[in-house]
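# Summary of structural features
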Amino acid sequence: APATGAAAADAAQAPPKVPPPKVVLFPYDTAVVTIIDDDKPGTFEFARSHHRVEETADHVAIVVQRRDGSDGEIIVGYRTKEISLSDPVTVNGSPLTVNRAGSSSPAPGGAAGSEPGDAAAAAAAAAYKPVKHGEGFVTFRKGETEATIRLAITPPEPGQLLDIGPVSFQVQLYIPDRLDGTPQGAEVGEMTSTIVTITGDEEVHRVVSQVASAMANSLEAFSVETDTWTEQFKEAVQFKVDDDENIALAATLYVATFGWKVLFSMVPPTSYCNGYATFCAALCMIAVLTAAIGDIASMLGCVIGIPDALSAITIVALGTSLPDFFASKVAAVNDEHADASIGNVTGSNSVNVFLGLGLPWLLSAIYHAARGTKYVVYAGTLT
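Residues numbered from 1 in each chain as written. Predicted model: local features only at pLDDT ≥ 70, side-chain atom pairs only at ≥ 80, totals over all residues. Heavy atoms only, no water.

## Digging into helix H8 (residues 308-334)
Counted at 1.5 Å a residue, the expected span for H8 with its 27 residues is 39 Å, and the 38 Å between its end C-alpha atoms agrees. A maximum bend of about 40° is found in H8 at serine 321, where proline proline 323 lies one to four positions downstream. Those residues of H8 lying buried are Ala309, Ser311, Ser328 and Ala331. Elements in contact with the buried residues of H8: helix H7 (276-304) and helix H9 (339-371). (Helix = DSSP H or I, 4+ residues; strand = E, 2+ residues; numbered from the N terminus. Expected span 1.5 Å × (residues − 1). Bend = angle between axes of the 7 residues up to and from the residue. Buried < 20%, exposed > 50% of the residue type's maximum accessible area, 1.4 Å probe, protein only. Contact = heavy atoms within 4.5 Å.)

## Observations regarding unusual backbone geometry
Its identity is not glycine, yet cysteine 273 carries a phi of approximately 55°, on the positive side. Positionally, cysteine 273 belongs in the loop between helix H6 (247-264) and H7. Not every positive phi belongs to a glycine, and asparagine 274 is a case in point at roughly 55°. When you line up the elements, asparagine 274 lands in the loop between H6 and H7.

## Thoughts on the nonpolar core
Ranked by internal contacts, the top residues of the largest apolar core, which has 24 residues, are Ile62, Ile149, Leu151 and Val171. Going through the elements one at a time, strand S1 (43-46), strand S3 (59-67), strand S4 (74-82), strand S8 (135-140), strand S9 (146-152), strand S10 (167-174) and strand S12 (193-199) are the ones with two or more residues in this core. Element by element, the count of residues in this core is highest for S10, at 4 residues. Those residues in contact with valine 171 that lie beyond four places of it in its chain are Phe46, Ile62, Tyr78, Arg79, Thr80, Leu151, Thr192, Ser193, Thr194 and Val196. (Core = buried A, V, L, I, M, F, W, Y, C linked by side-chain atoms within 4.5 Å.)

## Thoughts on the packing of H7 against H8
Running from N to C, H7 and H8 cross one another at 135°; their axes reach a closest spacing of 9 Å. Between H7 and H8, the angle falls in the class oblique. Relative to H8, H7 is oriented so that their crossing is right-handed. Taking contact as the criterion, the partners of Thr290, Ile293, Gly294, Ala297, Ser298, Leu300 and Gly301 in H7 are, on H8, Asp308, Ser311, Ile315, Val316 and Thr320. By residue class, the composition of the contact of H7 with H8 is 5 nonpolar, 6 polar and 1 charged. (Axes fitted to C-alpha atoms, helices over the stretch in contact; angles between N-to-C directions. Parallel < 35°, antiparallel > 145°, perpendicular 65-115°, else oblique. Left-handed = near helix turned anticlockwise from the far one by under 90°. Nonpolar A, V, L, I, M, F, W, Y, C, P; charged D, E, K, R; others polar.)

## Section: the side chain of threonine 194
Relative to the helices and strands, threonine 194 resides in strand S12. Owing to a relative accessible area of 0%, threonine 194 belongs among the buried residues under this scheme. Within polar-contact distance, the side chain of threonine 194 engages the backbone oxygen of serine 49 at 3.1 Å. Residues in contact with threonine 194, not counting those within four places in the same chain, are Phe46, Arg48, Ser49, His50, His51, Ile62, Phe169, Gln170 and Val171. (Polar contact = N/O pair within 3.5 Å; in protein donor to acceptor, adjacent residues only side chain to side chain.)

## Here we look at the packing of H8 against H9
At a minimum axis distance of 7 Å, the contact between H8 and H9 shows a crossing angle of 155°. With respect to each other, H8 and H9 are oriented roughly antiparallel. As H8 runs across H9, the sense of the crossing is right-handed. Seen from H8, the contacting residues are Asp324, Ala327, Ser328, Ala331 and Ala332; seen from H9, they are Ala340, Ser341, Asn344, Val345 and Ser348. Its residues placed into classes, the contact of H8 with H9 shows 5 nonpolar, 4 polar and 1 charged.

See below:
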């Protein structure tokens, strides 16, 4: 009875039994341990069969791996090779269709080949050399199992890959002999070649396309190039209004300048004689127009009793300066700063003083010197 009571007391003081926790094994319940046989020099091969870099990169990193041994110092050689449109390319036993100015893809049916591209694109692709082809070496020291080949890339011109597409070249791996001609004892693996493809940066191409489009629109808006007289006369008589332009002001200017536009449409188009005919004819028209403005101003001054000197510094100056005024206005609107408009005014005044006055005086002096007479200019109200 006492023993029974002691057993009951011990049972009462014992902690309650807790069920064991449930143990859950994660999916990675097995570990693989690789024991490197460092008694052998190893086998060398590329980690990847294809490398893709963007056009903004200045180099490409190609990883070479060392397997089945890491004993001794081994020198591994590599050579770069240009991919042509006609040469078949085999990467690790698989034939590829590689476009010199395009991408690479498995050849259908295992046949190697290439699709000839556009002649201009092919010429541009041949002109662009992403790397300087040649040979190089990378050294694996004892115990090293990985090394990186860094090839410097010559970046293309911005937007060049838009025309020629991605550009590819091949890198091949080999084991050179020692300086004394004996083999190093190492071998190359299955992946002994890799393809490097330089692709266009989509963000850079987007920005370049936007800038090119904006420049094309601006050039088209300010272009004065014409091909035929018919085109010039059509542009002269057409009434065009921009979206942000006042219609009433545009109509007034159209009526006021209609006759002048039709008159100057007789100037030869810019497509004739590489534009020289347009330049010479325009100078002649400007000379005739300036002489007409001077005569009209003189007659107007005579009618209303204004001296020629006063007409010259008011009416004639205003008429001949209006083109400079509109040119400066356009330059000030389109330029962030006022440099273009100020430069236009300064340059125009310089031309008027040094060319507009100097050239007539020079021609007159040469004329009188050739005839043996004196060139005399009598002082007037402005001289």
